[in-house]
Amino acid sequence: MDKRTALITGATSGIGEATARILAKNSFNLILCGRRKDRLESLHSELAQQTDVHTLSFDVRDRKATEDALASLEGKWKTVDVLVNNAGNAHGLDPIQSGNVDDWDAMMDINVRGLLYVSRAILPGMVERKRGHVINIGSIAGQEVYPKGAVYCASKFAVDAITKGMRLDLNEAGIKVTVVSPGMVETEFSLVRFKGDADRAKAVYAGLKPLTADDIAEVIRYILHLPDHVVLTDVTILPRAQASATVVHRGGW
Ligand code: NDP
Ligand code: 8X3
């Protein structure tokens, strides 16, 4: 098979960055997206030694900026074989009756609308070529609702519904669609959720061995190397210590 091109949103940290690294090693050309230009630049210099890399800096909340950035792709970069819709975060952890409305807007705008804007720009090319694979990063929070997480969970339930809808609508074109739903992964996720409070972020993973971004990236690599006629549709990945969104054993493993 020719070298495939993967476009990864949220490639500046965590799961997206780890996915970029593993796919670079596995012969994918990469289009790396995120807001933080400095991080995109340093990842570009690192990975350009292994593969062809193009970077795009835009905020997925900004529909026009997203459309313009993706429309700027030229030549070989217009052919996106794999779209990893990963950009997203939780903002806050509050009961619904006192939640911060700006946090709600951020989660719905980034995790849901942003994923839709990016997908709307990339999918027509896949359909035209009758080839492609979309991997949406969902969450255990897209399968179970937990206290104080109603809006983040709603955004990830939406990702799950959009994934199912994509699979139906893209079936005729032969586009593969997968949702990868992790449990607790130690990245910048909790730092963002708790607005930079490092102690509170660290406490989320106290007494257990959480997943790493590399664990998720390795599963994405596996999904992308299955035979052409095989699709892994839904993959839930939990650390050994986690049994559900709310049941976590803090016994040291
Ligand atoms: P990180 O905070 O480490 O990474 C989030 C990424 O999303 C960053 O690259 C960030 O880039 C990007 N991003 C955030 N907001 C925007 C925006 N407005 N526009 C463009 N890019 C944006 O967290 P994770 O790696 O853990 O999260 C990645 C995905 O995994 C998310 O969808 C998250 O919901 C999901 N997930 C995470 C879990 C966890 O426990 N960590 C578990 C289950 C799912 P930048 O700031 O440069 O724009
Ligand atoms: C991230 C996992 O459980 O913090 O999606 O919501 S959780």
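It should be emphasised that the depicted structure is a prediction, and the values quoted were computed from it without experimental measurement.

How should I be thinking about the site of ligand 1 in this particular structure?
Residues in close proximity to ligand 1 total 30 residues, the closest being Thr 12, Ser 13, Arg 35, Tyr 152 and Thr 187. Between ligand 1 and the protein, one listed contact pairs an oxygen atom with a side-chain N or O atom of Arg 36 at 2.9 Å. Here Asp 59 contributes a side-chain N or O atom positioned 2.8 Å from a nitrogen atom of ligand 1. Within the complex, 97% of the 880 Å² of free accessible area of ligand 1 lies under protein. Where the shell around ligand 1 is concerned, the elements lending two or more residues are helix 1 (14–25), helix 5 (150–169) and helix 6 (189–193). Of the residues that constitute the shell around ligand 1, the class distribution is 13 nonpolar, twelve polar and five charged.

Hey, could you run me through the site of ligand 2 in this one?
Every residue near ligand 2 is listed here: Ser 139, Ile 140, Ala 141, Tyr 146, Tyr 152, Gly 183, Phe 189 and Arg 193. Within the side chain of Tyr 146, an N or O atom sits 2.6 Å from an oxygen atom of ligand 2. Here an oxygen atom of ligand 2 and a side-chain polar atom of Tyr 152 are 2.6 Å apart. Compared with its free state, where it exposes 240 Å², ligand 2 has 85% of that area covered by protein.

What am I meant to see in unusual backbone geometry here?
With the exception of glycine, most residues fall at negative phi, and the peptide bonds are largely trans. Within the chain, Lys 130 stands out as a residue other than glycine whose phi angle is a positive 55°. One can find Lys 130 in the loop between helix 4 (101–129) and strand 5 (133–137). A relative accessible area of 56% means that Lys 130 is categorised as exposed. Phi angles above zero are rare outside glycine, and Lys 148 is one such case at about 70°. Looking at the element boundaries, Lys 148 is found in the loop between strand 5 and helix 5.

In this structure, what is going on with the packing of helix 3 (residues 63–71) against helix 4? I would like to understand it.
Taken N-terminus to C-terminus, the directions of helix 3 and helix 4 make an angle of 30°; their axes are 9 Å apart at the nearest point. Between helix 3 and helix 4, the angle is such that the two are roughly parallel. The way helix 3 lies across helix 4 gives a crossing that is right-handed. Note on element contacts: helix 4 touches helix 3 through Tyr 117, Val 118, Ala 121 and Ile 122, opposite Arg 63, Thr 66 and Leu 70. Looking at the contact of helix 3 with helix 4 residue by residue, the classes come out as five nonpolar, one polar and one charged.

Procedures and definitions
- Residues numbered from 1 in each chain as written.
- Chains lettered and ligands numbered in written order.
- Predicted model: local features only at pLDDT ≥ 70, side-chain atom pairs only at ≥ 80, totals over all residues.
- Heavy atoms only, no water.
- Near = heavy atom within 4 Å.
- Polar contact = N/O pair within 3.5 Å; in protein donor to acceptor, adjacent residues only side chain to side chain.
- Areas by Shrake-Rupley, 256 points an atom, 1.4 Å probe, with all protein chains shown as cover.
- Helix = DSSP H or I, 4+ residues; strand = E, 2+ residues; numbered from the N terminus.
- Nonpolar A, V, L, I, M, F, W, Y, C, P; charged D, E, K, R; others polar.
- Buried < 20%, exposed > 50% of the residue type's maximum accessible area, 1.4 Å probe, protein only.
- Axes fitted to C-alpha atoms, helices over the stretch in contact; angles between N-to-C directions.
- Parallel < 35°, antiparallel > 145°, perpendicular 65-115°, else oblique.
- Left-handed = near helix turned anticlockwise from the far one by under 90°.
- Contact = heavy atoms within 4.5 Å.

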